[in-house]
Amino acid sequence: MKWLTESFTREGPGIPKDEPKKTGLALFAQILRREWWELFKLNLAIIVFSLPLITIPATLAGAMRICQLMVEDENIYLMREFTGAFRRLFWRASLCGLAFGAVLAIAGYGVFVYAQLVPQALPYALALALAVVTSLFLWMVAAHFFLLMVRAPALSTATLLRLSALAALYRPLPALGALAFIAALWLAHILFYPASVFMPVAFNFSLGTLALVFATWRASEFALSREQQSA
Amino acid sequence: MAAISLKKLNKSFGPLTVVHDIDLEIGDKEFLILVGPSGCGKSTTLRMIAGLEEITSGELWIGDEMVNDVPSKDRDIAMVFQNYALYPHMTVYKNMAFGLHLRRAPKEETDAKVRETAKILDIEHLLNRKPKALSGGQRQRVALGRAMVRDPAVFLLDEPLSNLDAKLRGTMRAEISKLHKRLDATFIYVTHDQVEAMTMADRIVVMRGGHILQVDTPQNLYDRPINMFVAGFIGAPQMNMLEVTVKRSGDGWVGLFDGLELPLPLGEKADRLIPYEGRTVVLGLRPENLHEAMPVGVAPEATATLEAQVELAEPMGAEVHLNILAGGHSMIARVSPRCKARDGDRVSLIADLGSPHLFDKETEQSILY
């Protein structure tokens, strides 16, 4: 036990006040190092709160609130903040989540249909490309919408939609990167199953949410600042 | 109102009594420092005030209330420990907010207090960090912050700077003094470092063996120590102690030391030496009262020249400490950095005896106090 005590009480190197803030992936890695335990707990919370299925959108809002604090480098009382956002945004997140779910399902179905048609007639490739782009854009809008809803719950749904579209157009690549990262996480889980059985239990949900919040952060900042200027 | 009274306070561990009948009045908003060697009972006294040690006998009053049986948490005090005692699994923010959290303070109030305190202590950038990443000085600030957010009437600090390096200790000393002025609260501070005590305290309590020896302002303790222990403990390098034989010389007194007649100009206190005529007493001489040349503003009749051999010269930058041997006595002189004396050199030093410290050889008490 002595080594454990010593490891807990050993003096650290200290944190200079004017330490330059990390950016990009280095910042993401720093957040991961700092918050790994909170992410693990958040993942469990996401699983538990998502069990009734209908609560998935509100759970996503709660998770995004926690990840927002992580990105802002603010203190986190996990359950207090999570359940607070969950309760506060339950109806709005559920209704909007349902709407986005339906739209994304339609867009996804469109991709599926056109992908089937392409081997029969090549011109459908154009339609398929359009469907893929539309689908991805909708995913990006949805991601930005949820973050903006968590960050600025006072704004109307219509305003949030407009700002989400603006944010998605402003910085599409980071959002696409985050979506790809999430897809890769789940792909890894599938490819390495059953060795990867721990991944969804331990971090897939929370890490995916963090990646999404991290990637859409600056675009949401931009959108919110534009909204403030116009107001 | 956070005046504190200790009335005949005792603490025993079985048959061993470690604090004996302590009487002490601590004023509201005072910065009081308990100082003494290890095992003198200063930390035990502090812990009794904190409520962490049961009082064996005596009374402890905080304000108008006797708090012997009041639990620690209800005494409106906050304690800062030597080892910081931060929760390692909590962030700085949570460490600081924990006390308020336990009191079920509203979260907006907690948040405001934590952020305000962090701003005062300049640790805002650490709020979301764990103690493991922090340096000793940063941890100490957090420990102070945790005490501050509770807004207590009394701060108890148990050797809070002992784990810091010398440079940081100097910085933190100044910070704590500033903090005391800013918070306007009563501070009771335990240390064995007399430099900390001298630089920070409104009053110092010198303890030994569970007894209070002297309570006074830092300057008074330095100028008028009550006994040889206090005289030796306060001041660095410590006071030189010479055994001299008291002899009359005209209207005044001199002390015979190594064939020299050291003048003892006592002014109106001259009568106090009458019982000591012909006896050996201890003359205390501060290292800064030994000079390589006649000091300006000192009456020549209150000086004597000591021939000495330099055993070791310690350059300190702003001054040189000469470890000398004079009349078979080892002494230390604090001289200017221009002094060229080297180990083994013979030197003549002027002893300024304008304000001599004289102690009874048997009782070790000051004759002139």
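It should be emphasised that the depicted structure is a prediction, and the values quoted were computed from it without experimental measurement. (Residues numbered from 1 in each chain as written. Chains lettered and ligands numbered in written order. Predicted model: local features only at pLDDT ≥ 70, side-chain atom pairs only at ≥ 80, totals over all residues. Heavy atoms only, no water.)

## Some words on the pattern of salt bridges
Inspection of the entire model under this criterion finds 22 salt bridges over all chains. Salt-bridge contacts for E74 of chain A lead to R115 of chain B; the nearest nitrogen and oxygen are separated by 2.6 Å. Of the two residues, E74 of chain A is situated in the loop between α3 (56–72) and α4 (78–88) and R115 of chain B in helix α3 (residues 107–121); the pairing between them involves two chains. Under the relative-accessibility criterion, E74 of chain A is labelled partly exposed at 26%. With a relative accessible area of 30%, R115 of chain B lands in the partly exposed category. (Salt bridge = Lys/Arg side-chain N within 4 Å of Asp/Glu carboxyl O. Helix = DSSP H or I, 4+ residues; strand = E, 2+ residues; numbered from the N terminus. Buried < 20%, exposed > 50% of the residue type's maximum accessible area, 1.4 Å probe, protein only.)

## Section: the sheet that holds strand β8 (residues 186–191) of chain B
Residue and element names in this part refer to chain B. Taken together, the six strands give an open sheet; going across it, the order is β6-β7-β8-β3-β9-β10, and neighbouring strands pair in mixed fashion. With partners counted over all chains shown, the strands left at the sheet margins are β6 (77–80) and β10 (211–216), one partner each. Taking the axes of each pair of neighbouring strands and ignoring which way they run, one obtains an average angle of 15 degrees across the sheet. Pairing of strand β7 (residues 154–158) with β8, which is carried by five bridges, proceeds in the parallel orientation. Residue D158 lies in a different strand from β8, and its bridge partner there is V190. (Pairing = 2+ DSSP bridges. Axes fitted to C-alpha atoms, helices over the stretch in contact; angles between N-to-C directions.)

## Let's talk about empty space enclosed by the protein
Residue and element names in this part refer to chain B. The full count for this structure, using the stated rule, is one cavity of 30 Å³ or more. Considered as a void within the structure, the largest cavity measures approximately 30 Å³ in volume. Taken together, G284, L285, R286, N289, D352, L353, S355, P356 and H357 make up the full set of residues lining the largest cavity. Partitioned by chemical class, the residues of the lining of the largest cavity number three nonpolar, four polar and two charged. (1 Å grid on protein atoms, 1.4 Å probe; cavity = no way out; pocket = protein on both sides within 12 Å on 5 of 7 lines; lining within 4 Å. Points joined across faces, edges and corners; volume = space filled by probe spheres on them. Nonpolar A, V, L, I, M, F, W, Y, C, P; charged D, E, K, R; others polar.)

## Structural notes on the sheet that holds strand β17 (residues 320–326) of chain B
All names here are of chain B. The sheet built from five strands is open, its strands ordered β15-β19-β16-β17-β18 with antiparallel pairing. Each having just a single partner strand, β15 (290–291) and β18 (329–335) make up the two edges of the open sheet. Examined bridge by bridge, strand β16 (residues 303–315) and β17 share six bridges and lie antiparallel to one another. From the neighbouring strand, E314 faces β17, where its bridge partner is H321.

## Concerning the nonpolar core
L42, M149 and L210 of chain A are the most contacted members of the largest nonpolar core, which has 57 residues in total. Where this core is concerned, the elements lending two or more residues are α2 (24–50), α3, α4, α5 (90–117), α6 (124–151), α7 (157–170), α8 (172–191) and α9 (198–230) of chain A. With twelve residues, α9 of chain A is the largest single contributor of residues to this core. Ignoring anything within four residues of it in the chain, the contact list for L210 of chain A reads F28, I31, L32, L39, C67, M70 and V71 of chain A. With 50 residues, the next largest nonpolar core counts V80, A147, V149 and L164 of chain B among its residues. (Core = buried A, V, L, I, M, F, W, Y, C linked by side-chain atoms within 4.5 Å. Contact = heavy atoms within 4.5 Å.)

Geometric values such as these leave the question of function open.
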